[in-house]
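Here is how the chains run, residue by residue.
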Amino acid sequence: MKKAEVVAIVALLALLVAPLAMDRYLLSVFVLVFWAAYAGQAWNVMMGFAGLLSLGHSLYVGLGAYAAAALFVHFGISPLLGLFPAMALCMIAGVVVGWLGFRFRIEGVYFALLTIAFAEVARIGFDHLTWTGAAGGFFLPVSRETAGQWWNLRGGPLFFYYLSLGMALAALGICWALRRSRLGHQWLATREDAEAARAIGINVTRARIVAVLISAAMTSLAGVFYAFYYNNLFAAQIFDMSRSIDIVLAPIVGGIGTLFGPIIGALILIPLGELLTEATRALGINAPGVKAIFYGLGLMVIIALAPGGVWPAIARRLGIGEGRR
Amino acid sequence: MSLLRLDGVSKRFRGLVAVDNVSLTVEAGTVFAIIGPNGAGKTTLFSLIAGALSLDTGAIAFDGARINGLRPDQICMRGLARTFQIVRPFPALSVHENVAIGVMARESNVALAFARAEESLRAFDLWDKREQRASALTLPDRKRLEMARALATRPKMLLLDETMAGLRPPEVDRVVETLRALNRDTGLTIVMIEHVMRAVTSLADRVHVLNHGATIAEGPPKQVMRDPKVIASYLGAEALG
């Protein structure tokens, strides 16, 4: 345990001072890493802890992003306040998806299909909603006067670096606490065998709904961040299936159901993607899809080498906890 | 005082009558065995009592209140815990976690739940294996884990579904001793489905015999074992086999 604590403290200090030696590009890469770690952590609450496969988490990213952005653009409401209605909206959406799934006993991959369907409905809906720009995109105003207004999530790369780092750490802390809680244990029981869980007094439906609520609320903040970081929203992008897949990749590669899996996965996948982009550019290859092919090959190699996730494999080597999930 | 009471309980699966108008009463503090040939409806009856299946007709009362219609988790919280014939441990979790999650049915403090799991783990000889994953256990150990986890929910009544099957005779004797001690020392009421006759005869106060879903005999073990109908439909068949 001691060794793990030392590693964690050193890593944390390194992340805190690292921006001193980083250029804008590198900062932006790390923002992506932290964002992926955060969203992966949120998804992991549902899949890793409660065993609920969601392939439609872009729903919560998109809803959170559009809600906070619309409140800001139309009513001038700070995202620090707007994040609450954004969260509430995503939790309502989560309850609707979850309730439909659990009421009609839609489980496993069929539940995943349901989550995809909802994300698709939202994508099409927002593509036609003129109040938020419809298919033409929804843009947040960027001006010199508002540049330093941190309470409106306006700031430079450093600001977003530390904000996303803080979010990733907070998500880690929340998941750590959840994993150790009674609810966390009941989730694991539900994930392992729902019928056996019921037999020892666990209200499985309630446990699952709570997992969806927490996951949706956490993911909505990833959406709020997204809106104010990029300052433009396109329904076709933010609700896209590929975004849901990106969210699930980091925890899968890192280790489903582990606390550090989403972080390790994000640390591997985002730089891998960036490296491939740079490499294809440097080699002068501009055939479409080349990057995706190599990214896919990279994924296959990683998953073949560490089928249970990279983090459990590392943890076993180092002899620190979480060797088992 | 009766702890469990079934009145005219029936369950049909399409054409097949799995449980046919069964009535029985289990007195508090006793050991009650349900026997019968394979396919007699014993496990279905357990699933009806535990709320995993809904009844077609009849009523089930536990501890003075009607429980049919309640969810399995609600029935567990009323003090009725069951094991599964085909064991269902939480495979990726440790033995200790499996049992501690059972304790958490009534203990919201996680650290205390892990501490209190020790009692159930020791009762079923699993303390030394507590760090192992449940999936790494042998079948007899999984059967014991199944019982330890159910016991951890602090039930008034334990429904044991063939927990002796697959155990070697000394292991059967060990489990019989454990159950006898639980019944004697804590007043735990036990209802067991069992094929291992030495366990039934040494533990049960009363035996209920099912065949084709219906009751064919009930009484003290010695009397039931001599019943010609029981010998013909069950014991005889087994002796011949």
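Residues numbered from 1 in each chain as written. Chains lettered and ligands numbered in written order. Predicted model: local features only at pLDDT ≥ 70, side-chain atom pairs only at ≥ 80, totals over all residues. Heavy atoms only, no water.

**Points about the overall build of chain A**
Move 1: The secondary structure content of chain A amounts to 14 helices and two strands.
Move 2: Here the C-alpha atoms of chain A give a radius of gyration of 20 Å, agreeing with the 20 Å that 2.2 N^0.38 yields for 325 residues.
Move 3: Once the C-alpha set of chain A is aligned to its principal axes, its extents read approximately 60 × 45 × 40 Å.
Move 4: Looking at chain A residue by residue over its 325 residues, the buried ones come to 49%.
Move 5: Sequence separation of 24 or more characterises 75% of the internal contacts of chain A that already satisfy a separation of 6 or more.
Move 6: If you sum the accessible surface of chain A, you get close to 15,000 Å²; carbon and sulfur atoms cover 71% of it.
Move 7: In chain A, 22 side chains carry a positive charge and 14 a negative one; their mean positions are 7 Å apart. (Helix = DSSP H or I, 4+ residues; strand = E, 2+ residues; numbered from the N terminus. Rg over C-alpha atoms; globule rule 2.2 N^0.38 Å. Buried < 20%, exposed > 50% of the residue type's maximum accessible area, 1.4 Å probe, protein only. Contact = heavy atoms within 4.5 Å. Areas by Shrake-Rupley, 256 points an atom, 1.4 Å probe, with all protein chains shown as cover. Lys, Arg positive; Asp, Glu negative; His and termini not counted. Charge placed at Lys NZ, Arg CZ, Asp CG, Glu CD.)

**A few points about the interface of chain B and chain A**
Move 1: Chain B puts 29 residues into the contact, and the matching count from chain A is 22 residues.
Move 2: Across the interface of chain B and chain A, roughly 2,100 Å² is buried in total on both sides, 60% from carbon and sulfur atoms.
Move 3: Linking chain B with chain A are three salt bridges.
Move 4: Asp193(A) is the partner of Arg88(B) in a salt bridge, and the nearest nitrogen-oxygen pair spans 2.9 Å.
Move 5: Joining chain B to chain A, the criterion identifies seven residue pairs in polar contact (both at pLDDT 80 or more).
Move 6: Going through the elements one at a time, helix 2 (72-77), helix 3 (95-103) and helix 4 (110-123) of chain B are the ones with two or more residues in the side of chain B that touches chain A.
Move 7: Tallied by class, the residues present in the side of chain B that touches chain A amount to 15 nonpolar, four polar and ten charged. (Buried area = accessible area lost by both parts, 1.4 Å probe. Salt bridge = Lys/Arg side-chain N within 4 Å of Asp/Glu carboxyl O. Polar contact = N/O pair within 3.5 Å; in protein donor to acceptor, adjacent residues only side chain to side chain. Nonpolar A, V, L, I, M, F, W, Y, C, P; charged D, E, K, R; others polar.)

**A short note on the pattern of salt bridges**
Side-chain pairing between opposite charges can occur once the charged atoms of the two side chains come close.
Move 1: Following the criterion strictly, the structure yields 21 salt bridges over all chains and no others.
Move 2: Among the salt bridges present, the one from Glu195(A) reaches Arg88(B), with a minimum N-O distance of 3.4 Å. Remark: Arg88(B) occurs in the loop between strand 6 (80-82) and helix 3 and Glu195(A) occurs in helix 8 (residues 194-199); the pair is interchain, linking two chains.
Move 3: The shortest N-O distance in the salt bridge between Asp173(B) and Arg198(B) comes to 2.7 Å. With Asp173(B) in helix 6 (residues 169-186) and Arg198(B) in helix 7 (residues 197-203), this pair connects stretches of sequence that are 25 residues apart.
Move 4: In this structure Asp173(B) comes out as partly exposed when scored by relative accessible area, which is 36%.
Move 5: Counted as one network, the salt bridges with shared partners bring together Asp193(A), Glu195(A) and Arg88(B).

**Remarks on the packing of aromatic side chains**
Residue and element names in this part refer to chain A.
Move 1: Scanning the entire structure with this criterion turns up 23 aromatic pairs over all chains.
Move 2: Here Tyr66 and Phe239 contribute two aromatic rings whose centre-to-centre distance is 6.0 Å and whose plane-to-plane angle is 5°, an arrangement assigned as stacked. Taken together, the residues span a long stretch of sequence, with Tyr66 in helix 3 (residues 58-75) and Phe239 in the loop between helix 10 (235-238) and helix 11 (241-254) at a distance of 173 residues.
Move 3: Overall, the relative accessible area of 1% leaves Tyr66 in the buried class. (Phe/Tyr/Trp six-rings, centres within 6.5 Å; stacked < 30°, edge-to-face > 60°.)

**Comments concerning a nonpolar patch on the surface**
Residues and elements named next belong to chain A.
Move 1: Where nonpolar side chains cluster on the molecular surface, the patch consists of Ile9, Leu12, Leu13, Leu16, Val17, Leu20, Leu158, Tyr162 and Leu169 and spans about 860 Å² of accessible area.
Move 2: Listed by contribution, the elements that provide at least two residues to the nonpolar patch are helix 1 (2-17) and helix 6 (157-180).
Move 3: Of all the elements, helix 1 adds the most residues to the nonpolar patch, at five residues.
Move 4: On the secondary structure map, Leu13 appears in helix 1. (Patch = residues over 30% accessible without salt bridge, like charges linked within 9 Å, V, L, I, M, F, W, Y side chains within 5 Å.)

**Some points on the domain arrangement of chain B**
All names here are of chain B.
Move 1: By domain assignment, chain B separates into domain 1 (2-79 + 155-240) and domain 2 (85-154).
Move 2: Look at where the C-alpha atoms of domain 1 and domain 2 centre, and you get two points 23 Å apart.
Move 3: With 21 residues of domain 1 at the interface, the matching set in domain 2 holds 14 residues.
Move 4: Where domain 1 packs against domain 2, one counts one salt bridge.
Move 5: The partner of Arg174 in a salt bridge is Asp125, and the shortest N-O contact between them spans 2.8 Å.
Move 6: Linking domain 1 with domain 2 are seven residue pairs in polar contact (both at pLDDT 80 or more), by the criterion used here. (Domains from an automatic or database assignment.)

**Here we look at the packing of helix 2 (residues 24-49) of chain A against helix 9 (residues 204-230) of chain A**
All names here are of chain A.
Move 1: Direction vectors running N to C along helix 2 and helix 9 enclose 160°, while the axes themselves pass 7 Å from each other. In terms of axis orientation, helix 2 runs roughly antiparallel to helix 9. Crossing hand, helix 2 versus helix 9: left-handed. On helix 9, the residues touching Ser28, Val31, Leu32, Trp35, Tyr38, Ala39, Ala42, Trp43, Val45 and Met46 of helix 2 are Ala211, Val212, Ile214, Ser215, Met218, Thr219, Leu221, Ala222, Phe225, Tyr226, Tyr229 and Tyr230.
Move 2: When its residues are assigned to classes, the contact of helix 2 with helix 9 shows 19 nonpolar, three polar and no charged. (Axes fitted to C-alpha atoms, helices over the stretch in contact; angles between N-to-C directions. Parallel < 35°, antiparallel > 145°, perpendicular 65-115°, else oblique. Left-handed = near helix turned anticlockwise from the far one by under 90°.)

**Focus: the environment of Gly58(B)**
All names here are of chain B.
Move 1: For Gly58, the location among the structural elements is in strand 4 (residues 57-62).
Move 2: The partly exposed category is assigned to Gly58, whose relative accessible area is 34%.
Move 3: Note: C-alpha distance between Gly58 and Lys11 (47 residues apart in sequence) is 9.3 Å.
Move 4: The residues touching Gly58, leaving out its near neighbours within four places in the chain, are Asp7, Gly8, Val9 and Asn68.

**Here we look at the sheet that holds strand 4 of chain B**
Residue and element names in this part refer to chain B.
Move 1: The four strands lie next to each other as 2-1-4-5, forming an open sheet whose pairing is antiparallel. The strands lining the two open edges of the sheet, one partner per strand, are strand 2 (16-27) and strand 5 (65-66).
Move 2: Taken strand by strand, helix 1 (residues 42-50) contacts strand 1 (2-13), strand 2 and strand 4, and its axis lies near 115° from that of strand 1. (Pairing = 2+ DSSP bridges.)

**Some thoughts on the pairing of strand 8 (residues 189-193) of chain B**
Residue and element names in this part refer to chain B.
Move 1: The element strand 8 is extensively covered by neighbouring structure, given that five of its five residues are classed as buried.
Move 2: Direction of pairing for strand 3 (residues 31-35) relative to strand 8: parallel, over a ladder of four bridges. Looking across to strand 8, one finds that Phe32 is bridged to Val191.
Move 3: The sheet contact formed by strand 7 (residues 157-161) and strand 8 spans five bridges and is parallel. Of the residues in strand 8, the one forming a bridge with Leu158 is Ile190.
Move 4: Crossover handedness for the path strand 7 to helix 6 to strand 8: right-handed. (Right-handed = clockwise from strand over helix to strand, strands pointing away.)

**Quick word on helix 1 of chain B**
Move 1: Judged by how many residues are buried, helix 1 of chain B sits mostly within the fold: eight of nine residues are covered.
Move 2: Turning to helix 1 of chain B, its buried residues are Lys42(B), Thr44(B), Leu45(B), Phe46(B), Ser47(B), Leu48(B), Ile49(B) and Ala50(B).

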